[in-house]
Structure formats: structure tokens, C-alpha cells
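Analysis of the macromolecular model
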Amino acid sequence: MTMLLRPRGERVLLIALAARMALAAGLVVGTNAVAQTPPASAPPTPLTIHADRSGPIINRDIFGQFAEHLGHGIYDGVWVGRSSSIPNVRGIRSDVVKALRALKTPVVRWPGGCFAEEYHWRQGVGPVDKRSSTINSNWGDAIEPNTFGTDEFMDFVSQIGSEAYITVNVASGSPQEAAEWLDYMTADKPTTQEKDREANGHKAPYRVKYLGIGNESWGCGGAMTPDDYVEHMKVYARFARNLDPAQSGPLAMQRIAVGPDGAKQDYTEAVMKAWKDRVWSWSIEGLSLHSYTTGGWPPAYAATGFAEKDYATLVKETLGMEAMIANTTAIMDRYDPNKQVGLIVDEWGTWLAPTAGTNPGFLVQQNSLRDAVIAALNLDIFARHADRVRMTNIAQMINVLQAMIVTDGPRMLLTPTYYVYRMYAPFQDAQLISTTFEPGVYGQGALAMARVDAIAARDKRGGVWLAVTNIDPNRPADISVAIEGVKARSVTGEVLTADRVDAVNTFEKPDVVEPRPITAQAVGGRIQLHLPPKSVTVVSISDQR
Ligand code: AHR
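Now for a quick tour of the structure. Everything numeric here is computed off the predicted structure, so don't read it as measured data. (Residues numbered from 1 in each chain as written. Predicted model: local features only at pLDDT ≥ 70, side-chain atom pairs only at ≥ 80, totals over all residues. Heavy atoms only, no water.)

**Observations concerning the sheet that holds strand S20 (residues 464-470)**
Note the threshold: Note on pairing: two strands pair once DSSP finds at least 2 bridges between them. Only DSSP runs of H or I reaching four residues or more are called helices, and only runs of E reaching two or more are called strands; each is numbered from the N terminus. Lines fitted to the C-alpha atoms define the axes, with helices restricted to the stretch that makes contact. Angles between their N-to-C directions range from 0 to 180 degrees. Whether two residues touch is decided by their heavy atoms; if any such pair falls within 4.5 Å, the residues are in contact.
The mixed closed barrel is built from 9 strands, whose spatial order is S1-S16-S19-S20-S25-S22-S23-S24-S21. The sheet shows a mean angle of 30 degrees between the axes of neighbouring strands, taken without regard to direction. Relative to strand S25 (residues 535-543), S20 runs antiparallel, the two being bridged by 7 bridges. Among the inter-strand pairings, Trp-465 is bridged to a residue of S25, identified as Ser-540. Helix H10 (residues 369-384) contacts strand S16 (431-437), strand S19 (452-458), S20, strand S22 (488-496) and S25 of the sheet and is inclined by roughly 50 degrees relative to S19. The strands that helix H11 (residues 416-424) touches are S19, S20, S22 and S25; relative to S22, the one it contacts most, it runs at about 155 degrees.

Below you can see the structure in the form of C-alpha cells.
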């Protein structure tokens, strides 16, 4: 491992040197700002923001979450029960609600995942003592008490100010079961289901923004051939209706079909061909893509204590998301050149070896600075493809895989990935602005990849935002930023880094990987950004207009 902590004395000297050089360069490091090593001797890399060349809107749902009934994702992570000593509102833990509100979480996918294909919604509504207990055979054979069901999920998304993305059971359910679930959630007239919903405490229809028609039908969702799935999809797309007239027109529920398994595109071809040849009675508005960063299967890469080679391997693999989206988009473009069907990356993130001593079926893993870098790079890729990518859902929100939040009884911990989502919140619904820069090369053994990645966007109030990731764990990156046609004045924002790429937050030391403020003044209309190795930086740029 070559990127590790420098000896303490050397760091202090470097910090002092950096502060002097920063002052000379017009760069002001805010209080508690991250310790910066001095600029490399190479001239700064120019980065130009083409403010006049605006791109697509970066749909806020690109920053969505996924919460499955899996391990401690729902039970303990979201639901503690009304009588819990952990502060809660109607059984939903308040610390988690507050943390997710701070992320401006736009949408949550639920109840799975593979769990969705075994879920029978009726078992999870009505008086709690009458609900069924079942076995969660996908995930560690845990008892599923069905205490957290539709009404609890809708209460949760409402508490965090988010939208619902519901996945219906295609493999072991039926079109009738799905239709009745939609009736329960959305009917505004006194149907039997609507009256049940009202009896369960909710008179007004729930808003269902997205409907997933099955999950991984090529795998855990029934191992169907693409053609077989397409026949099921058409029926569900027709009969799983949103019955609320208020959810029509531009507010109509978006139906998401199962799509490619990573780079395997047979579902993409079959679903998009069916969509192109569709008749009046059905349609879909989205195609799902699942692609995890694993380093191979089964996932065996350690979440902590790993070498630089493992960092480089997973970062390089994750950068493959760009080609995966481009390839899927190219196929979709053949059937849908006007981009009516959105690409929905509703499962992505790192999937690593489970934490020792945990149930392997609960998919528990630590979250390091490497996860933060991987999250930022993927968000950049999604934003660059925002003309086709309309929603993504990182797997998963709490206590599972690349989580935002970890809980342990009454304690709650925010992960490095959480902070990336918080830093990127200004990009929600902002307009992508093109940037040009020389990404450079980060090499590790035989592996080579871009050294720097960046996106820029203009928010609704006209503010310009820049996100830059320095992938290189060993060298700082000096970037000289200019906005075309505009004299930049200063930047303010945050930088996320740590001494090691495998640095993690723990309950004992929760602030090892936390964003620190960063500010810089322009010199001659350009901003000089000094990015620490292995860091994610998001800044707002002020100009002199
Ligand atoms: O996120 C964990 C699992 O990964 C999901 O249940 C499934 O859809 C995917 O294979």
C-alpha cells in the first residue's frame, strides 16, 4: 500500500508549507479545512466550464435510494416499532429520518430486490397482530414479520419528504394481486381496497411515482427468457393501474420494465422491441439496469484493510458504468430515438465480502473512502447521461451493501457515501453544463485509468456548481478552473478525503471521513483548486457579473 499516512512530523510541515503556498496562490483554506499537501510541480490542469453550452436536467431521482427487506435494512434501520425506546414517529426512527431529509432523498425503491418477487402485500396491511410471519428465503432465512408494510412505507417516505417506487411481484404473484395493490394505494373512490386503506388510517390516495414490473426476471425473479418476461410485462403494464385521477398527465405513474443484467443486453433488445411495436393498451416509461461493482463473483473484496491494487481494481471496474450506459443507450436509441423511455439504474454500488461474524445473507459491509470515490464517479456518469438516465437507486440505503447509514440499536452512523450524497444535493434538478479538461492518468501496476473526473451544473437559481474527484490516491491534483465568458470570483464548498483510501467511520470514531470546508479566490479570473489525493470536492462558483 503506497498511499498511506505520512509520518506525523512530515504532515505538519507539509500543512504549514501548503498554507503558505495556498496564501501565495490566493487559495484560502477554511477553518477545519482538510490538510493539503503542496501542489505538484506540474502546471495546473485547466478545466473550462462551458456555461453557454447547457445540457439536460439532472433529474433529482438520479440521487434515489433502495431499501429492501434484507438483513437490518428495514427492521432496525428504518423501523423500530412504536413502543421502542429509540425516538420514533409511528415506529419510524427519527434520527434516520433527519439524516435522510438532509440528503433531500428524492425517491425510495421498495420492497425489493429479490424480496419483491416473494412479497405478498396483503400480509403486510391491517392490524399488526393479524399479519403473517413468513421466511425471507432470499436473505438469510430471517423471519419476516410483515410489521413494516405498505402503510408504514408510505408513512416513511412522507416523513423523509420523498417519493415511492414500488416493485410488484411478477414471478410468484399475479396481475390480480398487483392490480389490487395499486387499487389499495391509489383508488380515490370507495372500492373494497380503498375502504380497507381508509380503515387502516389513510383516507387520501398514496402517490406512487414509479412502478417496477418485477425484479431481475432473468435471475431471482423467475429466470425467465426475455420473450417470456415481455409477455408478463405487457399484462402488468396494462392492469396494474394507478387509479388516482390526480396522478395522470405529467404526474402519471412511470412503469419500469426489467432490463439488462449488467452488460448482458438480451432483455434490452426484447423489451425495447416490444415497446416499439406496442399497441394502445400498454406502455412502459423506463427500463431498469442492474450493475454492481464487485471485483468478481461471488464478491470477495475486503471492505477495509485493502491494498492500493484493490482500490484501483474496483475504481477501474466502476468506471465501466460509463460504457455500460452508453451501450444500453445505443440499443435503446435504435428503438426509441426520441428518448421517451428512461434508463433506470435501480441497483448499483459496491458489493464486497460480508463483515466477519455477520450473517452472510444480510450483506453487511463497511463503507470506506473508496466507496465515496466510487459513489461520486457513478453520480458523475449518471449526470453526463442525464438525457437517458432518469433515476438511479444505490444499493442500499441503510445497513446493507453500500449504505448511507449504519445503525446499531440506538446508535446511528453516517458513512463516507452519505457525505457524497449530501455534497451532491445541489445537482438535483440542476442543468448539466459541459466541461473540458485533461483527465490525466492514474496508474497502479498494469491498471491505468483517468486521474480526475468532473461535472458542472447550473441550479435553478442560476448558481454554478462543480464536482471534481481526484482518483489518484498518491498525488494531489491542481486544477485551474475558468467559466467561459465569465470572470470567476471565488468558490466555496466541501472536500471529502482522509489519510487512507480504506478509512472508515465507526461508532467509536464517527468523523474520520467527513467533509471539510474549502474556499478559494480567483487569480486573473481563474480559480486554482488544489485537490488532495483520493478526494471528492463540490464547490459553488461565484462570478463577477
Ligand atoms: O441488492 C441485493 C440484491 O441484488 C437484490 O435483491 C437483487 O435484485 C440483486 O441481485
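Now that the structure is up, let's keep going.
**Notes on the pairing of S25**
To keep it simple, the criterion reads: Summary of the burial criterion: residues with accessible area below 20% of their type's maximum are buried, those above 50% are exposed, and those between are partly exposed, where the area comes from a 1.4 Å probe applied to protein chains only.
Taking burial as the measure, the 9 residues of S25 include 7 buried ones, the bulk of the element. Pairing analysis gives 8 bridges linking S22 to S25, with the strands arranged antiparallel. Looking across to S25, one finds that Val-491 is bridged to Ile-541.

**As for the site of the ligand**
Stated precisely, the cut-off is as follows: A cutoff of 4 Å decides nearness: a residue is near a molecule or strand if any of its heavy atoms lies inside that distance of it. A 3.5 Å cut-off defines polar contacts: any pair of N or O atoms within that distance qualifies, except that in protein one atom must be a possible hydrogen donor and the other a possible acceptor, and neighbouring residues in sequence count only when both atoms are side-chain atoms. Residue burial considers only the protein chains on display, and all accessible areas are found by Shrake-Rupley using a 1.4 Å probe. Both cavities and pockets are sets of points on a 1 Å grid over the protein atoms alone; in a cavity a 1.4 Å probe fits but cannot get out, in a pocket the set is open with protein on both sides within 12 Å along at least five of seven lines, and lining residues sit with an atom within 4 Å of a point. Throughout, a molecule is located in a cavity or pocket provided that more than half of its atoms lie within 2 Å of its grid points. We call Asp, Glu, Lys and Arg charged. Ala, Val, Leu, Ile, Met, Phe, Trp, Tyr, Cys and Pro are nonpolar, and the rest, Gly among them, are polar.
For the ligand, the full set of nearby residues is Phe-66, Glu-68, Gly-113, Cys-114, Trp-139, Asn-215, Glu-216, Tyr-292, Glu-347, Trp-351, Gln-396 and Leu-401. One of the side-chain nitrogen or oxygen atoms of Glu-68 is found 2.7 Å away from an oxygen atom of the ligand. Cys-114 places a polar main-chain atom, nitrogen or oxygen, 2.9 Å from an oxygen atom of the ligand. When isolated, the ligand has an accessible area of 280 Å², and the protein chains bury 93% of it. Mapping the ligand onto the cavity grids shows that it belongs to the second largest pocket. The class makeup of the residues in the shell around the ligand is 6 nonpolar, 3 polar and 3 charged.

**Description of the nonpolar core**
Defined as follows: Only buried Ala, Val, Leu, Ile, Met, Phe, Trp, Tyr and Cys residues count toward a nonpolar core, and they belong to the same one when joined by side-chain atoms within 4.5 Å.
If you look at the biggest cluster of nonpolar residues, it comprises 129 residues, and the most contacted ones within it are Phe-153, Phe-156, Ile-166, Met-233, Tyr-424 and Phe-427. For this core, the element with the highest residue contribution is H10, accounting for 11 residues. Residues within four places of Ile-166 in sequence aside, it is in contact with Trp-110, Phe-153, Met-154, Trp-181, Met-185, Val-208, Tyr-210, Leu-211 and Gly-212. In terms of nonpolar packing, the next biggest core, distinct from the first, is built from 25 residues, Val-486, Val-495, Leu-531 and Ile-541 among them.

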